[in-house]
Amino acid sequence: MNEALRISCKMGYPVRVVRSHKEKRSAYAPEKGVRYDGVYRIEKCWRKVGIQGSFKVCRYLFVRCDNEAAPWASDVLGDRPRPLPVIPELKKATDLFVRKEKPSWDFDEADGRWKWMKSPPASRKKCVAALDPEYRKIVRKRGKNSIMDKLRKEFNCQICQKVMSLPVTTPCAHNFCKGCLEAKFAGVAQVRERSRGGRTLRAKKNVMTCHCCTTDLSEFLQNPQVNRELMEVIENLKKKEEESQAVDEPSNDAAESSGGNTESEEEEGEEEEEEAEPPSKKIKLDSDCVGPVGVGN
């Protein structure tokens, strides 16, 4: 991401900026939420030692160059070219880069607006409609498999590494199959009897540690409850996956069945024609064809 901003600085490409209310140091930050602030251009980029004192951080000088007015301004018009501000920290900066060539996104005095003065960079996103049919099939197949990928990624049991069946949510917010969690601690008693030197000591509680953290699940395992909401989400995704597969299978079956019927119909039609011919005519045709075929025609 830092290298991409450095290339934008070098070529003078426009960059869209979004501000968050969490940036308390900025006077332009919104009071709440996130706000789109428009198109900017990076005029300088450099590196400086951060607050920790041991790492260098990348810094950039953004200047607004949008045809629309800024959200915090009451003007109707957009931005106009203006001199760059003085940055005191540049005295101690390293790897300072300042663009010297004409930027690709610049202000046109004749039109009175910001626009592309040079051709914009080509998009790296491939248009599926313009690709070959084989690649489009692969893309569609990936889209259909996204449901199953989501199931495996989001709803996998951490013990069996499969899509959860009867999911339970532990107090530490981890999800497992109910059967897997109970099987993990099968045969482990809630308490352990102790004795020493012929004396019976107080029973000690067995700690049943979660598979993903150090939380004790002994009380939870006395009566684990299935997470119904999570189970409904998993079942709905499974239904969608089955429906998408069912849509594809009938089309293939129909094509195969139609092809099979066509061949059988053709064979039946040939048999009927052969039967309709008189025997004498059939023999005559066969005798006429024996000679030329033997010659090699």
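Treat the numbers as computed from the prediction; the structure is a model and nothing was measured.

Undergrad: Tell me about the side chain of Asp66, and please be specific about residues and values.
TA: Secondary-structure assignment places Asp66 in the loop between β3 (56-64) and β4 (94-98). One buried charge, Asp66, has no salt-bridge partner; the nearest side chain with opposite charge is Arg64, at 4.1 Å. Looking at Asp66, its side chain comes within polar contact range of the main-chain nitrogen of Val39, at 2.8 Å. A polar atom in the side chain of Asp66 sits 2.8 Å from the backbone nitrogen of Glu68. Apart from the residues lying within four places of it in its own chain, the contact partners of Asp66 are Tyr36, Gly38, Val39, Gly78, Asp79 and Trp114.

Undergrad: Can you explain the packing of aromatic side chains? Please cite residues and give values.
TA: For any pair of aromatic rings, geometry is given as the distance between the ring centres together with the angle between the planes. By the definition in use, this model includes six aromatic pairs. A ring pair is formed by Tyr40 and Phe62, whose centres lie 6.5 Å apart and whose planes are at 65°; its orientation type is edge-to-face. Taken as a pair, Tyr40 in strand β2 (residues 34-49) and Phe62 in strand β3 lie far apart in primary sequence, 22 residues in all. Of the aromatic side chains, those joined through ring pairs into one cluster are Tyr13, Trp105 and Trp116. Over the face of the ring belonging to Phe185 we find Lys184, whose NZ or CZ atom lies 5.8 Å from the ring centre.

Undergrad: Tell me about the side chain of Asp79, and name the residues and values.
TA: Within the secondary structure, Asp79 sits in the loop between β3 and β4. Setting aside residues no more than four positions away along its own chain, Asp79 makes contact with Arg64, Cys65, Asp66, Glu68, Phe107 and Trp114.

Undergrad: How would you summarise unusual backbone geometry if you had to cite specific residues and measurements?
TA: One non-glycine residue, Leu166, adopts positive backbone phi at about 55°. Given the relative accessible area of 43%, Leu166 is considered partly exposed. Here the phi dihedral of Ala173 falls at roughly 70°; this positive angle occurs in a residue that is not glycine. Along the chain, Ala173 turns up in the loop between β7 (167-169) and β8 (175-177).

Undergrad: Pulling in residues and values, what's your account of the pattern of salt bridges?
TA: Applying the stated criterion across every chain, the model contains 13 salt bridges. Between Arg64 and Asp79 there is a salt bridge whose closest N-O contact spans 2.6 Å. Of this pair, Arg64 sits in strand β3 while Asp79 sits in the loop between β3 and β4, placing them 15 residues apart in sequence. Relative accessible area serves as the criterion here: at 5%, Arg64 is assigned to the buried category. Here Asp79 falls in the buried class, since its relative accessible area comes to 12%. We note a salt bridge from Asp111 to Lys115, for which the minimum N-O separation is 2.8 Å.

Undergrad: Would you mind going over the confidence of the model for the protein in detail, with residue names and values included?
TA: Regions with low pLDDT should not have their predicted coordinates read in detail. This prediction gives the protein a mean pLDDT of 77; 70% of its residues lie at or above 70. At the level of individual helices and strands, the protein shows its lowest average pLDDT in helix α5 (residues 279-295), which scores 40, and its highest in strand β5 (residues 105-108), which scores 94. Taken as a whole, residues 260-297 scores under 50 in pLDDT and shows two contacts with residues more than four places along the chain or in a different chain.

Undergrad: Lay out the environment of Met164 with the relevant residues and their values.
TA: The topology assignment puts Met164 in the loop between α2 (133-154) and β7. Looking at Met164, the relative accessible area reads 2%, which means it is buried. Once the C-alpha coordinates of Met164 and Arg152 are considered, the two residues, 12 residues apart in sequence, prove to be 9.1 Å apart. Excluding residues that lie within four positions of it along the chain, Met164 makes contacts with Phe155, Asn156, Cys157, Asn175, Phe176, Cys177, Leu230, Ile234 and Lys238.

Undergrad: So, the pairing of β3: which residues are in play, and what are the values?
TA: Two strands pair when backbone bridges link them, and β2 and β3 are joined in this way by nine bridges, in the antiparallel orientation. Across the sheet, Val49 pairs through a bridge with Lys56, a residue of β3. Between β2 and β3, which follow one another and run antiparallel, lie six residues, and Gly53 among them has a positive phi close to 90°.

Undergrad: Please provide a residue-by-residue account of the environment of Asn2, values included.
TA: In this structure, Asn2 sits in helix α1 (residues 2-11). The spatial distance from the C-alpha of Asn2 to the C-alpha of Cys58 is 7.2 Å, given a sequence separation of 56 residues. Every residue in contact with Asn2, bar those within four places of it in the chain, is listed here: Cys58 and Tyr60.

Cut-offs used in this document
Residues numbered from 1 in each chain as written. Predicted model: local features only at pLDDT ≥ 70, side-chain atom pairs only at ≥ 80, totals over all residues. Heavy atoms only, no water. Helix = DSSP H or I, 4+ residues; strand = E, 2+ residues; numbered from the N terminus. Buried < 20%, exposed > 50% of the residue type's maximum accessible area, 1.4 Å probe, protein only. Lys, Arg positive; Asp, Glu negative; His and termini not counted. Salt bridge = Lys/Arg side-chain N within 4 Å of Asp/Glu carboxyl O. Polar contact = N/O pair within 3.5 Å; in protein donor to acceptor, adjacent residues only side chain to side chain. Contact = heavy atoms within 4.5 Å. Phe/Tyr/Trp six-rings, centres within 6.5 Å; stacked < 30°, edge-to-face > 60°. Lys NZ or Arg CZ within 6 Å of the ring centre and 35° of its normal. pLDDT = per-residue confidence, 0-100. Pairing = 2+ DSSP bridges.

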